[in-house]
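# Coordinate inspection notes
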Amino acid sequence: MREYILTFLTGAIVTYLLVPLVLKFAIWFKAMTPVRDRDVHAIPTPRLGGLAMFFGMLAALLMASRLPHLHKVFTESPTWIGLLSAGGLLVVVGIADDRWEIDALTKMAGQVAAAGLLIMNGVQLLWIPLPGGTLVLPPSYGVPLTIVLVVATINAVNFIDGLDGLAAGIVGVSALAFFLYAFLVTVVVHLDHQSAPALIAAVLAGMCVGFLPHNFSPARIFMGDTGSMLIGLLLATSMITVSGFDPVALRGSINRFPTILPLIPLAILVVPYADMLMAVIRRSYDLRSPFAPDKKHLHHRLLDMGHSHRGAALVMYLWTGLFSFGVVALSAVKSPLVVLSVASLVAIAALVVMAFPQLRPHGRRHRTAERSADERPRQPA
């Protein structure tokens, strides 16, 4: 566990320290987010923050590869070659989009190519759970399902990246929950505690934590597509590599939940997946492209209900934490009813906070002050 913590801290610290340098580069490179009808920021803001996250990932992986125990993960498979090459490709595509705003089909092609690089280096869904057993996936099924999962996760993260600190916070919470689950499984099933899913999740959580202080409302810099596609890729890779665990060893280890291991990451990401699904259905119903932007995402609806930018982000964090850590708890405890009861109480509290933002003490005064701060022009540092 200490080596995971050191890897997490390396990714967080390097990302945090590099963001100011990337911010200056973004201004010089003219990679700025204009104020558009669908946006919630008041002034043009630099993007390319994902570039700092990419170097944070590199530093964290380099640190892990030099540690006494975690270095074994790098010798077991070429997963890291695929992750670095796919991540590098998406960073290049993201930089081009953050500067010149390339079309959706070009970005989609880059995402599919990144998934292909992962597959070429052994990152592929190997099995999925079924009632009473598991289904081993031959390459003819595993390859296309892997591509779909990678592309869907990248776009789910991209779709929620519309509010200061939202994508970094939601993905960070999800990564922490997934790390706990992946590490828990290795402990309970008596596998090697050093595993690729847990390491990737720790690196991802560190990147998000290091970036969030610069990105929380009012944001000084946005991660842009450079960052949203990168962290979506890492999240998908951590989920896919879980299928490398032996399903026979998992069955009955704690309770019935370890037998649905690959579905647990999907439940952890229920908030961004639900937002993406609703957006696709909504836009298709209106006879528009699924990638056509609008102002009807979950965070937009929270703003319309009277939440401040920070309040809306915190509510989304709460939802994500409720689902992700609730699912992890269900996989670990002997009495799932206890977890369900606690989760139900938290869910009721979250719904009250969401539906009645005016019930918060001094909520109106805080929202008014925050709106005034957002409306004042500020120069990026």
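Fair warning: this is a prediction, and the values are worked out from it, not measured in the lab. (Residues numbered from 1 in each chain as written. Predicted model: local features only at pLDDT ≥ 70, side-chain atom pairs only at ≥ 80, totals over all residues. Heavy atoms only, no water.)

## Considering the side chain of Thr237
The residue Thr237 is located in helix 9 (residues 224–241) in this model. Setting aside residues no more than four positions away along its own chain, Thr237 makes contact with Leu83, Leu118, Val123 and Ile200. (Helix = DSSP H or I, 4+ residues; strand = E, 2+ residues; numbered from the N terminus. Contact = heavy atoms within 4.5 Å.)

## Quick look at helix 4 (residues 79–100)
Helix length check: helix 4, at 22 residues, gives a terminal C-alpha distance of 31 Å against a target of 32 Å (1.5 Å per residue), a fit within 8%. Among the residues trailing helix 4, Glu101 stands out with phi positive, at a value near 55°. (Expected span 1.5 Å × (residues − 1).)

## What to know about the UniProt feature "binding site: Mg(2+)" (unreviewed entry) in the protein
Taking the numbering used here, the UniProt-annotated feature "binding site: Mg(2+)" (unreviewed entry) corresponds to Asn158 and Asp225. These annotated residues cover 68 residues of sequence, and their C-alpha atoms lie no more than 7.0 Å from one another, placing them together at a single site. Counting through the fold element by element, Asn158 comes out in helix 6 (residues 139–160). Dropping the residues within four chain positions of it, Asn158 is found in contact with Lys107, Asp225 and Ser228. (UniProt positions renumbered as here; feature names shortened; annotations may be inferred.)

## A closer look at the nonpolar core
Ile231 and Leu234 are the most contacted members of the largest nonpolar core, which totals 89 residues. When residues of this core are assigned to their parent elements, the largest contribution, 13 residues, is made by helix 7 (residues 166–188). Once residues lying within four places of it in the same chain are set aside, the contact partners of Leu234 are Met57, Leu83, Ile200, Val203, Leu204 and Met207. (Core = buried A, V, L, I, M, F, W, Y, C linked by side-chain atoms within 4.5 Å. Buried < 20%, exposed > 50% of the residue type's maximum accessible area, 1.4 Å probe, protein only.)

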